Amino acid sequence: MANKKIGVLVMSYGTPASLDDVEAYYTHIRRGNPPSPEQLKELKDRYEAIVGGVFPLRENTDNQVAGLQQKLNEHTAGSDVEFVCYQGLKHAYPFIEDGIEDMVKDGITEAVGIVLAPHYSIMSVGSYLKRARETSEKHGLNISYIESYHLHPQLIETLANRVNSKLEMFEETGATREQVRVLFSAHSLPERILSMGDPYRDQLLETSEAIAKRANVPSWQFTWQSAGRTAEPWLGPDVLDTMQELRDEQVKYVLVAPIGFVSDHLEVLYDLDIEAQELAQELDMRLMRIDSLNTDPLYMEVLADEVIRKSKEVHV
Ligand SMILES: CC1=C(CCC(=O)O)c2cc3nc(cc4[nH]c(cc5[nH]c(cc1n2)c(C)c5CCC(=O)O)c(CCC(=O)O)c4C)C(CCC(=O)O)=C3C
Ligand SMILES: [Fe+2]
């Protein structure tokens, strides 16, 4: 029988639960400033284009948390430790603060926090951890964090498999591996993160390089996507500009691998599958993307392994 319960705070960006929730969600992202009707319509249109009436995005995260819980149970069966997962979202209910308060209510005193994003940035993971830290301190919860896991061997393995299987699909249609340009991509952030010494870009390049090596990718480069529309400069080049350049280089086959995202989100289903795909048609280019990890057992193993390792370090 388990006599020690350790809480696991599973954090992510959060996605609205329905089309009606988009306004409140967007207002939260904009730090309480409601979007203009035009901005709201534009975002709602993007969601509508991908969900077609149903709204499956929240389920992706719910399923990942359930998958991690199950993996952790497998690992701890018969031991005296039990892990209990709680969700904490940045911009939607249950918020990071709610997850921590639920743990405290359940009598949990020790916890590990992990984010459903492998790469650390002050502006992404860093801000999740800051909020978790502040709320935990208020409640006297002893919580430690996994900041990144961008080179975890099973993460590289499963992403390399996904790249490989799409390269094979290209080969089946008559292209050679050398003719396919693999574009590793991630969510852009404001350029100023670089002068802040942020590890985000370097970690993304390390993941890309490790996958390229393991999957024997002859031709690849890194590009950004989904930049915000604010006045300040965001990291580039953007995937759409990169595709224009590839056309000038006569590249006909492109495989995009959005390694900064771990499940099917707006950035994958809209920015890549609709927007980038439309451009590919215009450029007479064949564009594919790797499947998202979602509840991939190897990804669940990565998360469980990180949580167990951290808990052994801190909560012996
Ligand atoms: C680094 C990063 C990740 C990856 C790491 C991580 O996962 O943390 C990420 C993920 C996500 N971003 C998401 C959605 C949105 N992000 C926005 C806006 C912004 N993202 C930013 C950064 C990131 N975002 C930033 C700096 C902004 C500007 C405002 C702000 O400072 O926050 C906006 C506003 C409108 C727009 O600009 O499009 C939306 C709707 C969804 C859920 C989509 C769904 O529902 O499927 C997910 C997974
Ligand atoms: Fe975002």
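- Per an unreviewed UniProt entry, the recorded name for the protein chain is Coproporphyrin III ferrochelatase, and the organism is Paenibacillus hunanensis.
- Its UniProt record gives the protein chain a comment under Subcellular location (unreviewed entry), which states: "Cytoplasm".
- Among the UniProt annotations of the protein chain, the heading Sequence similarities (unreviewed entry) holds the following wording: "Belongs to the ferrochelatase family."

**As for the pattern of salt bridges**
- For the structure shown, the criterion picks out 20 salt bridges.
- The closest approach of N and O atoms between Arg46 and Glu42, which form a salt bridge, is 3.4 Å. With a gap of four residues between them, Arg46 and Glu42 both fall in helix H2 (residues 37-51), about one helical turn apart.
- Overall, Arg46 belongs to the buried group, its relative accessible area being 12%.
- The salt bridge involving Glu301 is made with Lys71; its shortest N-O contact spans 3.8 Å. In this pair, Glu301 sits in helix H10 (residues 297-314) while Lys71 sits in helix H3 (residues 57-76), placing the two residues 230 residues apart along the sequence.
- Among the charged side chains, a salt-bridge network with shared partners connects Glu42, Arg46 and Arg229.

**A look at the site of ligand 1**
- Close to ligand 1 lie 23 residues, the nearest being Thr15, Tyr47, Tyr128, Leu266 and Glu267.
- Tyr13 is positioned such that a nitrogen or oxygen atom in its side chain is 2.9 Å from a nitrogen atom of ligand 1.
- His265 is positioned with one of its side-chain polar atoms (N or O) 3.3 Å from an oxygen atom of ligand 1.
- Contact with the protein chains hides 89% of the accessible area of ligand 1, taken as 870 Å² for the molecule alone.

**Comments concerning the UniProt feature "binding site: Fe(2+)" (unreviewed entry) in the protein chain**
- According to UniProt, the positions carrying the feature "binding site: Fe(2+)" (unreviewed entry) are His187 and Glu267. These annotated residues cover 81 residues of sequence, and their C-alpha atoms all fall within 8.0 Å of one another, placing them together at a single site.
- If you trace the backbone, His187 turns up in strand S5 (residues 180-187).
- In this structure, Glu267 sits in helix H9 (residues 266-282).
- Excluding residues within four positions of it along the chain, Glu267 makes contact with His187, Gln225, Ser226, Phe261 and Leu272.

**Notes on the packing of aromatic side chains**
- Taken as a whole, this structure holds five aromatic pairs when the rule is applied.
- With a centroid separation of 5.8 Å and an interplanar angle of 75 degrees, the aromatic rings of Phe170 and Tyr253 are classed as edge-to-face. Here Phe170 is found in helix H6 (residues 153-172), whereas its partner Tyr253 is found in strand S7 (residues 253-258), with 83 residues between them in sequence.
- Under the relative-accessibility criterion, Phe170 is labelled buried at 0%.
- Residue classification places Tyr253 among the partly exposed residues on the basis of a relative accessible area of 22%.
- Aromatic side chains Phe222 and Trp224 sit 4.9 Å apart centroid to centroid with 85 degrees between the ring planes, which places their arrangement in the edge-to-face category.
- Given a relative accessible area of 14%, Phe222 falls into the buried group.
- A connected cluster of aromatic rings, assembled from ring pairs, spans Tyr200, Phe222 and Trp224.
- Above the face of the Tyr26 ring, Arg30 is positioned so that its terminal group lies 5.9 Å from the ring centre.

**As for the UniProt feature "binding site: Fe-coproporphyrin III" (unreviewed entry) in the protein chain**
- In the numbering adopted here, UniProt assigns the feature "binding site: Fe-coproporphyrin III" (unreviewed entry) to Tyr13, Arg30, Arg46, Tyr47 and Tyr128. Of the residues just listed, which span 116 residues, the most distant C-alpha pair is 25.3 Å apart, and they do not cluster in one region.
- Among the secondary structure elements, Tyr47 is positioned in helix H2.
- Its place among the elements puts Tyr128 in helix H5 (residues 125-139).
- Not counting the four nearest positions on each side in its chain, Tyr128 is found in contact with Met11, Ser12, Tyr13, Lys90, Ile96 and Val115.

Parameters and conventions
- Residues numbered from 1 in each chain as written.
- Chains lettered and ligands numbered in written order.
- Predicted model: local features only at pLDDT ≥ 70, side-chain atom pairs only at ≥ 80, totals over all residues.
- Heavy atoms only, no water.
- UniProt positions renumbered as here; feature names shortened; annotations may be inferred.
- Salt bridge = Lys/Arg side-chain N within 4 Å of Asp/Glu carboxyl O.
- Helix = DSSP H or I, 4+ residues; strand = E, 2+ residues; numbered from the N terminus.
- Buried < 20%, exposed > 50% of the residue type's maximum accessible area, 1.4 Å probe, protein only.
- Near = heavy atom within 4 Å.
- Polar contact = N/O pair within 3.5 Å; in protein donor to acceptor, adjacent residues only side chain to side chain.
- Areas by Shrake-Rupley, 256 points an atom, 1.4 Å probe, with all protein chains shown as cover.
- Contact = heavy atoms within 4.5 Å.
- Phe/Tyr/Trp six-rings, centres within 6.5 Å; stacked < 30°, edge-to-face > 60°.
- Lys NZ or Arg CZ within 6 Å of the ring centre and 35° of its normal.

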